[in-house]
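Spelled out from the first residue to the last, the chains are:
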Amino acid sequence: MANTARTADSTPGAAAGAAGEEVLLSLREITRRYVLGEATVDALKGVTLRINRGEFVAIWGPSGSGKSSLMNILGLVDAPTSGEVMLEGTPIAQLSDDALTDLRSRKVGFVFQSFNLVPVLSALENVMVPLQIQGVGAAQARERASQALKEVDLENQQHARPDKMSGGQRQRVAIARALVTAPSIVVADEPTANLDSENSYMVVKLMRELNRSKRVTFIFTTHDPRLLEMVDRKILLKDGLLHTDETVR
Ligand SMILES: Nc1ncnc2c1ncn2[C@@H]1O[C@H](COP(=O)(O)OP(=O)(O)O)[C@@H](O)[C@H]1O
Ligand SMILES: [Mg+2]
């Protein structure tokens, strides 16, 4: 089983697991409570989870089970109410805002349900954005973005605007944008929710290929049982708790 017999996370840097696996992200007893006036929602109720480098993981479960809350914490865009998050051995809570922003921009790529491309920019320009945020010069950003678009099979669409592309193509642009900074992990919350079944399959297959060829860790959420057949590990979240955590192959 994936979660047994690991060395403790006390080692600085990346801890090695018993089978030589490297722990990329570790979550310990994570809770997330949302407070809205008098109402509180306990979206996560104590989630402990380790993700190893190179894994291809799906998180699934009913709507409202806490998937997006968990993805936001895994992607370092939201902090837990309690519990500890470590990325590559660094405890996130100890970082300053600037250090956290920097770490997130270098280590995490995001893919969204609604693609979140900038409509007035071409595919190439969209993929350049994260590099420009990092201060990479225009020529190098262009070169790397062009390469990333090649890797998602869109070299012929570099100058197209998103509104001229299909949903599947837009999501491939978004995947290129997520990967262009060479992150350790790509976090994708319902990346296929706006795609038909054929494009959903294509997008997950592409993520799978990139996971293997670039050894980038992917975590995505889905409702679609057929997509769960394509993962190494599937984690069922129910009512804010890990219900099952199955390593498939
Ligand atoms: N920003 C928020 N403020 C208040 N409640 C929220 C917020 N985000 C999520 N929730 C609530 O937390 C619970 C889990 O939501 P979410 O993490 O979005 O689950 P899922 O992605 O599995 O549908 C739900 O009851 C939802 O209404
Ligand atoms: Mg959600």
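Residues numbered from 1 in each chain as written. Chains lettered and ligands numbered in written order. Predicted model: local features only at pLDDT ≥ 70, side-chain atom pairs only at ≥ 80, totals over all residues.

### Side note on the overall build of the protein chain
Step number 1: Looking only at helices and strands, one finds seven helices and 10 strands in the protein chain.
Step number 2: Against the compact-globule benchmark of 18 Å for 249 residues, the protein chain has a radius of gyration of 18 Å, which places it among compact chains.
Step number 3: Structurally, the protein chain occupies a C-alpha span of about 45 × 45 × 35 Å along its principal axes.
Step number 4: Sequence separation of 24 or more characterises 67% of the internal contacts of the protein chain that already satisfy a separation of 6 or more. (Helix = DSSP H or I, 4+ residues; strand = E, 2+ residues; numbered from the N terminus. Rg over C-alpha atoms; globule rule 2.2 N^0.38 Å. Contact = placed C-beta atoms within 7 Å.)

### Some words on the sheet that holds strand S8 (residues 217-222)
Step number 1: A sheet is described by the order of its strands in space; here six strands give the open sequence S6-S7-S8-S3-S9-S10, paired in mixed fashion. A single partner strand is all that each edge strand has here, and the edge strands are strand S6 (108-112) and strand S10 (241-247). Taken over all neighbouring pairs, the strand axes of this sheet differ in orientation by 15 degrees on average, direction set aside.
Step number 2: Sheet topology places strand S7 (residues 185-189) next to S8; four bridges connect them, and they run parallel. Within S8, the position partnered with Val187 by the bridge is Ile219.
Step number 3: Running at roughly 165 degrees to S6, helix H5 (residues 167-179) makes contact with S6 and S7 of the sheet. (Pairing = 2+ DSSP bridges. Axes fitted to C-alpha atoms, helices over the stretch in contact; angles between N-to-C directions.)

### A look at the nonpolar core
Step number 1: The biggest cluster of nonpolar side chains holds 64 residues, and the ones touching the most others in it are Val127 and Ala176.
Step number 2: The biggest single contributor to this core is H5, with six residues.
Step number 3: Not counting chain neighbours up to four residues away, the residues in contact with Ala176 comprise Val127, Ala148, Leu149, Glu151, Val152 and Leu154. (Core = buried A, V, L, I, M, F, W, Y, C linked by C-beta atoms within 7 Å. Buried ≥ 20, exposed ≤ 12 C-beta atoms within 10 Å, placed from the backbone.)

### Side note on the site of ligand 1
Step number 1: Taken together, Tyr34, Leu36, Val41, Ala43, Ser63, Gly64, Ser65, Gly66, Lys67, Ser68 and Ser69 are the residues near ligand 1.
Step number 2: For the shell around ligand 1, the element with the most residues is helix H1 (residues 67-74), which contributes three residues.
Step number 3: Here the shell around ligand 1 is composed, by residue class, of four nonpolar, six polar and one charged. (Near = placed C-beta within 6 Å. Nonpolar A, V, L, I, M, F, W, Y, C, P; charged D, E, K, R; others polar.)

### Overview of the confidence of the model for the protein chain
Step number 1: Confidence in the prediction for the protein chain averages 92 pLDDT; 92% of positions are at 70 or higher.
Step number 2: Low confidence marks residues 1-15, where pLDDT is under 50. Its contacts with residues over four positions away, or in another chain, come to 29 contacts. (pLDDT = per-residue confidence, 0-100.)

### A word on the packing of H5 against helix H6 (residues 197-214)
Step number 1: Interaxial distance between H5 and H6 falls to 9 Å at its minimum, and their mutual angle equals 20 degrees. By the criterion of interaxial angle, the relationship of H5 to H6 is roughly parallel. Judged by the twist between their axes, the crossing of H5 over H6 is right-handed. Counting all contacts with H5, which are made through Gly167, Gly168, Gln171, Arg172, Ile175 and Leu179, the residues of H6 involved are Asn199, Met202, Val203, Leu206, Met207 and Leu210.
Step number 2: Residues that form the contact of H5 with H6 fall into these classes: seven nonpolar, four polar and one charged. (Parallel < 35°, antiparallel > 145°, perpendicular 65-115°, else oblique. Left-handed = near helix turned anticlockwise from the far one by under 90°.)

### Here we look at the sheet that holds strand S4 (residues 82-87)
Step number 1: On the basis of which strands lie adjacent, the open sheet formed by four strands has the order S2-S1-S4-S5 and antiparallel pairing. Each end of this open sheet is capped by a strand with a single partner; those strands are strand S2 (39-52) and strand S5 (90-91).
Step number 2: When strand S1 (residues 23-36) meets S4, the two strands line up antiparallel, connected through five bridges. Among the inter-strand pairings, Thr31 is bridged to a residue of S4, identified as Ser82.

### Some details on helix H3 (residues 123-133)
Step number 1: Inspection of H3 places Ala123, Leu124, Asn126, Val127, Met128, Pro130 and Leu131 among the buried residues, and these make up the whole buried set.
Step number 2: In this structure, the buried residues of H3 make contact with helix H2 (97-107), helix H4 (138-151) and H5.
Step number 3: Note on H3: the residue one or two positions beyond its end, Gly135, has a positive phi of about 85 degrees.

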